[in-house]
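Architecture at a glance
One letter stands for each residue in the lines below.
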Amino acid sequence: MSTGKFHIHTFGCQMNAHDSEQMAQLLGEAGYVKTGDPEGADIIIINTCSVREKADQKVYSQLGRFKKLKQENPDLIIGVAGCLAQEQAAGFFRKATYLDLVIGTHNLHRLVKMIEEIKSGKSQIADTTFRRSVRSLGIRTLPSPGSVSAFVTIMQGCNNFCSYCIVPYVRGREESRQSADIMDEIRFLAENGIMEVTLLGQNVNSYGATLSEDVDFPELLGMINKIDGIDRIRFTTSHPKDLSGDLAACFADLDKVCEHIHLPVQSGSDYVLKKMKRGYTVGGYLEKVGMLRDACPGISITSDIIVGFPGEKEDDFQKTIDLMEEVRFDNTFSFRYCDRHGTASEGYDGKVEETVKQERLSRLQAIQERHSLEKNRYLEGSVKDVLVEGISKNDDTDIKGRTSGNKIVNFAGGADLIGKTVRVKIVRAHMHSLRGELL
Ligand code: SAH
Ligand code: SF4
Ligand code: F3S
């Protein structure tokens, strides 16, 4: 067994957050102890994201901070994992000469071995090989005591190649996990106190496409719905082009599937959607929203939107606003378009000026704030089932949990309720949370 402390710093999406949990599991099994404090660590891993320029910048500034620790302690091992590590590969050593380790998105299972190699004298090792089968998909993470919710990766990679997106280049081709393997992992989580699972994949709606077994995403949900001990099932992300009637029906027919879907639209202009290679039109998207709302009238719908895609005119942007007014999303994550190296849109004409992008983003966000508040106000006076997750951030006499529609509710209550589902009356709406009273 090894001794020493490790610290993992994570950027990026839930997929990366789960990869960090898996790395922590592997290091823990090898005898290392986790620390939240990078200053006392013997190993620091930065799990990186490269989806947008801002994500890159955050990673580099964090690395700069850890470099100082290495100057004080030359035995400190610093590694990078995740999507930026995959993108830069061994080139990362030129950008950060003090780095010891670069580990790509398909190679997490090699982490401990690579650390041992560094300890026995090797320097600057990188492994960013793409593998046909990603071994780390099956690494089970034991939930930390008291946690009620866990991530489960059901597929890796993406085959969609939306023209702006780097994910297929840094995560590789789409690969689904065997359903039996997923079921075993969820049973294991349920036995260890988990009540809610979030199924992860870049495009969960195409789950099963790469498997020899005959199973699709709605069928997988049906199987998970039968697992004792699991109360809630969430998933992300759904691609609108692959959302089927069968999936919409799951929101009506499967009692554990939560009333929330993250359905990134990206733009409300058919011209822009086509250039983004998204594979649907505004009309098609609205039809899917209608289908979801027919199956589950109160469903929360959240989305991602990019402003200032190459060639986006004021008129195209206005169509995005029109779409928002029509759908009225519960929340959106909105971004200024930025070029990503190697993607198709990097070479597109009609790049939009930064000031114009910023101005459009501000307008869009103001509208979303209005919609988010309006959606939350609509819930005032209603009674909701809330799964209690922990103590509130702002007031430690309060507890917090989530509704099935993924709204955070704060209310007075004791820590003994953590992990329980309770009835709560919604008394006040804020933009990003609700205030409730325990019934
Ligand atoms: N698989 C998910 C999204 C992954 S990336 C999906 O298909 O929806 C998360 C979000 O980042 C995307 O939905 C998109 O809105 C945004 N994004 C991706 N590449 C971007 C780029 N080059 N510029 C700006 N935003 C981008
Ligand atoms: Fe990127 Fe498109 Fe794949 Fe989502 S579906 S990860 S946006 S390429
Ligand atoms: Fe970022 Fe990679 Fe996720 S690029 S958004 S961490 S898949």
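Presented here is a report on the structure given in the accompanying data block. Please read all numbers here as calculations on a predicted model, not as lab measurements.

Thresholds, definitions, all that
- Residues numbered from 1 in each chain as written.
- Chains lettered and ligands numbered in written order.
- Predicted model: local features only at pLDDT ≥ 70, side-chain atom pairs only at ≥ 80, totals over all residues.
- Heavy atoms only, no water.
- Pairing = 2+ DSSP bridges.
- Helix = DSSP H or I, 4+ residues; strand = E, 2+ residues; numbered from the N terminus.
- Contact = heavy atoms within 4.5 Å.
- Axes fitted to C-alpha atoms, helices over the stretch in contact; angles between N-to-C directions.
- Near = heavy atom within 4 Å.
- Polar contact = N/O pair within 3.5 Å; in protein donor to acceptor, adjacent residues only side chain to side chain.
- Domains from an automatic or database assignment.
- Core = buried A, V, L, I, M, F, W, Y, C linked by side-chain atoms within 4.5 Å.
- Buried < 20%, exposed > 50% of the residue type's maximum accessible area, 1.4 Å probe, protein only.
- Phe/Tyr/Trp six-rings, centres within 6.5 Å; stacked < 30°, edge-to-face > 60°.

Before going further, it helps to spend a moment on the sheet that holds strand S5 (residues 101-103). Two pairing modes exist for strands in a sheet, parallel and antiparallel, and in both the strands are linked by backbone hydrogen bonds. Taking strand neighbours across the sheet as the criterion, the 6 strands line up as S2-S1-S3-S4-S5-S6 in an open arrangement whose pairing is parallel. Both outer strands of the open sheet, strand S2 (33-34) and strand S6 (125-127), are each paired with one neighbouring strand and no more. Across the sheet, helix H1 (residues 14-29) lies against strand S1 (5-10), strand S3 (43-48) and strand S4 (77-81), angled at about 175° from S1, the strand it touches most. Sheet contacts for helix H2 (residues 53-72): S1, S3 and S4; angle to S3, the most-contacted strand, approximately 175°.

On to the site of ligand 1, then. What surrounds ligand 1 is a group of 15 residues, the closest being Arg-52, Gln-202, Gln-266, Asp-304 and Cys-338. Interatomic distance of 2.8 Å between a side-chain N/O atom of Gln-266 and an oxygen atom of ligand 1. In the environment of ligand 1, a nitrogen atom lies 2.8 Å from a nitrogen or oxygen atom belonging to the backbone of Cys-338. Mapped onto the domain boundaries, the shell around ligand 1 takes at least three residues apiece from domain 2 (142-258) and domain 3 (264-378).

Strand order across the open sheet formed by 3 strands is S12-S13-S14, with parallel pairing between neighbours. The open sheet has two free edges, formed respectively by strand S12 (260-262) and strand S14 (331-336), since each of these has just one partner strand. Taking each pair of neighbouring strands and ignoring which way they run, the sheet shows an average axis angle of 10°.

Okay, the nonpolar core next. Grouped together as the largest cluster of nonpolar side chains are 64 residues, with contacts concentrated most on Val-197, Leu-199, Phe-217, Ile-224, Phe-235 and Tyr-285. For Phe-235, the contacting residues outside a window of four places in its chain are Thr-198, Leu-199, Val-204, Phe-217, Leu-221, Leu-247, Phe-251, Val-257 and Ile-261. Listed in part, the 22 residues of the second largest apolar core include Tyr-32, Met-114, Ile-125 and Ile-139.

Below, the discussion takes up helix H5 (residues 111-119). All of the buried residues along H5 are Leu-111, Val-112, Met-114, Ile-115, Glu-117 and Ile-118. Buried residues belonging to H5 abut H1, S3, S4, S5 and S6. The first or second residue beyond H5 is Gly-121, which carries a positive phi of 115°.

What follows is about the packing of aromatic side chains. Counted by the stated rule, this structure contains 9 aromatic pairs. Centroid distance Phe-217 to Phe-235: 5.0 Å. Interplanar angle 85°. Geometry classified as edge-to-face. Note that Phe-217 is positioned in helix H8 (residues 217-224) and Phe-235 in strand S11 (residues 232-236), a separation of 18 residues in sequence. Assessed through its relative accessible area of 7%, Phe-235 is described here as buried. Each ring, one from Phe-309 and one from Tyr-348, has its centre 6.0 Å from the other, and the planes form 85°; the classification is edge-to-face. Linking Phe-309 in the loop between strand S13 (300-307) and helix H12 (314-327) with Tyr-348 in the loop between S14 and helix H13 (354-377), this pair joins segments that are 39 residues apart in sequence.

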